[in-house]
Amino acid sequence: MKVLVVGGGGREHAICWKIAQSSRVDKIYCAPGNAGIASVAECVPIGAMEFDKLVAFAKEKAIDLTVVGMDDPLVGGIVDAFQAEGLKVFGPEKKAAILEGSKAFSKELMKKYNIPTAAYETFDNPEAALAYLETAPMPVVLKADGLALGKGVLICQNLEEARAGVKTLMLDKQFGSAGDRIVVEEFMTGREVSVLSFVDGKTIRIMTSAQDHKRAKDGDQGLNTGGMGTFSPSPFYTKEVDEFCRRYIYQATVDAMAAEGRAFKGVIFFGLMLTGNGPKVLEYNARFGDPETQVVLPRMKNDIMDVFEACVEGTLDKIDLEFEDNAAVCVVLASDGYPEHYEKGFEIRGLENFEGSPDRFVFHAGSKFAEGKIVTNGGRVLGVTALGKDLKEARANAYAATELIDFDNKYKRNDIGKAIDEA
Ligand code: AMP
Ligand code: GLY
């Protein structure tokens, strides 16, 4: 089979790497890819939003299946564009990707179908939002309705911050039209867990759990980022939590989407908060998580092509997902200054230390070739993943592995997986 993967970050590297292990795959292309992805796939210089070019490429190369990793093209309707040309593609159609594309939509869905989530109100008028906030309990959470690179969420401690937040999102339009409408949400406390799943429109299969670290600095300080590291499984995702979520959240979401005429095929990422009143949905994403994928897929036993095809064909009920009884930790190596100002273009040294290793992997997020070398090309540069028999061993292995890599301005958090010690 020939496969095309759309995207060019650490998540897509992990997806390509997993696809490459399938005995059924002869050739992988990745658009646009990156310098790390180039070790497992042929990179094609087409952007993820260039649907016409991607469709033409898939036809020209007789691609058997296209897998879309990123949210923007999914929310923009890439799956519909491929389907319109009779091409097989893994991911939700535009009308289903709205589950991630509009927070107002997903909140309404949860309310309508009694799926546990934080209480909320939706506003498309800043005056009405400000009036509501006058008497709202603090802290309060403001969310831009649309896609905002994971940065359109503001946690406001008091009324003053909440007023400033409305200004940022709705008046200054810091996230563009994503802030035309906002969701004002009850602030919840608890542990966060990421749960990825495969869905074929009606059946859902849950992958192993993971936890992300979104803030830039140790101790969950600093700005929100795309994710600075992950571990899997989450020790807080107990059997009881799993049972609760299976009963009230996972299948309920799939059934709700089908009932709305928006049958979801692809990956649903459940961002959960384990509150004192049980698990609640923080957010849905319509795709694999980044960097959750970098710890989940290395633990998956299945041939991922079987699972992708079952989702597309509606036969996921025939598949049992299996995961190794081990653990994985991913530490992101970033450029110092990320997520604000940082330099790039520095040579990355030590990548050869990972070649052929069965238990440590380096997934490239922002790298490129320059003059025969691989250089840094983004805020998040690499995700260094290591396996271990348990979380502590995996963490020790991952941090040891980060020492094998060197580049100027290398920055990492030193407390990825600290929560393991509290479990
Ligand atoms: P989201 O993009 O919706 O996942 O929000 C980003 C982050 O903001 C989450 O991972 C949480 O850490 C935090 N967050 C979002 N909603 C809430 C909430 N209702 N209560 C507390 N924290 C939240
Ligand atoms: N790691 C969070 C996300 O992929 O949105």
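For the structure, check the block above.
These figures come from a predicted structure and were not determined experimentally. (Residues numbered from 1 in each chain as written. Chains lettered and ligands numbered in written order. Predicted model: local features only at pLDDT ≥ 70, side-chain atom pairs only at ≥ 80, totals over all residues. Heavy atoms only, no water.)

Observations regarding the sheet that holds strand E7 (residues 140-144)
- Taken in spatial order, the 4 strands line up as E6-E9-E7-E8 in an open sheet, and their pairing is antiparallel. The open sheet has two free edges, formed respectively by strand E6 (120-123) and strand E8 (153-156), since each of these has just one partner strand. Across the sheet, the axes of successive neighbouring strands diverge by a mean angle of 20°, strand direction being ignored.
- Examined bridge by bridge, E6 and strand E9 (residues 182-186) share 4 bridges and lie antiparallel to one another. (Pairing = 2+ DSSP bridges. Helix = DSSP H or I, 4+ residues; strand = E, 2+ residues; numbered from the N terminus. Axes fitted to C-alpha atoms, helices over the stretch in contact; angles between N-to-C directions.)

What about the pattern of salt bridges?
- Applying the stated rule across the entire model yields 33 salt bridges.
- Residue Asp-415 pairs with Arg-413 through a salt bridge whose shortest N-O separation is 2.8 Å.
- What makes Arg-413 buried here is its relative accessible area of 1%. (Salt bridge = Lys/Arg side-chain N within 4 Å of Asp/Glu carboxyl O. Buried < 20%, exposed > 50% of the residue type's maximum accessible area, 1.4 Å probe, protein only.)

Things to note about the site of ligand 1
- For ligand 1, the set of nearby residues contains 14 residues, the closest of which are Glu-185, Glu-186, Met-188, Glu-192 and Glu-283.
- In this structure, an oxygen atom belonging to ligand 1 sits 3.3 Å away from a side-chain N or O atom of Lys-103.
- Within the backbone of Glu-186, one N or O atom sits 2.9 Å away from a nitrogen atom of ligand 1.
- Protein chains bury 92% of the 470 Å² of accessible surface belonging to ligand 1 in isolation.
- Secondary structure elements with two or more residues in the shell around ligand 1: E7, E8, E9 and strand E16 (278-285).
- When grouped by side-chain class, the residues that make up the shell around ligand 1 number 7 nonpolar, no polar and 7 charged. (Near = heavy atom within 4 Å. Polar contact = N/O pair within 3.5 Å; in protein donor to acceptor, adjacent residues only side chain to side chain. Areas by Shrake-Rupley, 256 points an atom, 1.4 Å probe, with all protein chains shown as cover. Nonpolar A, V, L, I, M, F, W, Y, C, P; charged D, E, K, R; others polar.)

Things to note about helix H5 (residues 94-101)
- Ala-96, Ala-97, Leu-99, Glu-100 and Gly-101 are the residues of H5 that are buried.
- Summarising the contacts, the buried residues of H5 are in contact with helix H3 (71-76), helix H6 (103-112), helix H9 (239-259), strand E15 (265-275) and E16. (Contact = heavy atoms within 4.5 Å.)

Observations regarding the site of ligand 2
- Within the structure, ligand 2 sits among Asp-212, Phe-269, Asn-285, Arg-287, Gly-289, Asp-290 and Glu-292.
- A distance of 2.7 Å is found between a nitrogen atom of ligand 2 and a side-chain nitrogen or oxygen belonging to Glu-292.

A few points about the nonpolar core
- Counting 66 residues, the largest nonpolar core has Ile-78, Phe-82, Tyr-250, Phe-270 and Leu-272 as its most contacted members.
- No other element matches the 7 residues that H9 contributes to this core.
- Not counting residues up to four positions away in its chain, the partners in contact with Tyr-250 are Val-195, Ile-204, Ile-206, Tyr-237, Asp-242, Cys-245, Phe-270 and Leu-272.
- Ranked by size, the runner-up nonpolar core spans 42 residues in total, among them Val-5, Trp-17, Met-300 and Cys-311. (Core = buried A, V, L, I, M, F, W, Y, C linked by side-chain atoms within 4.5 Å.)

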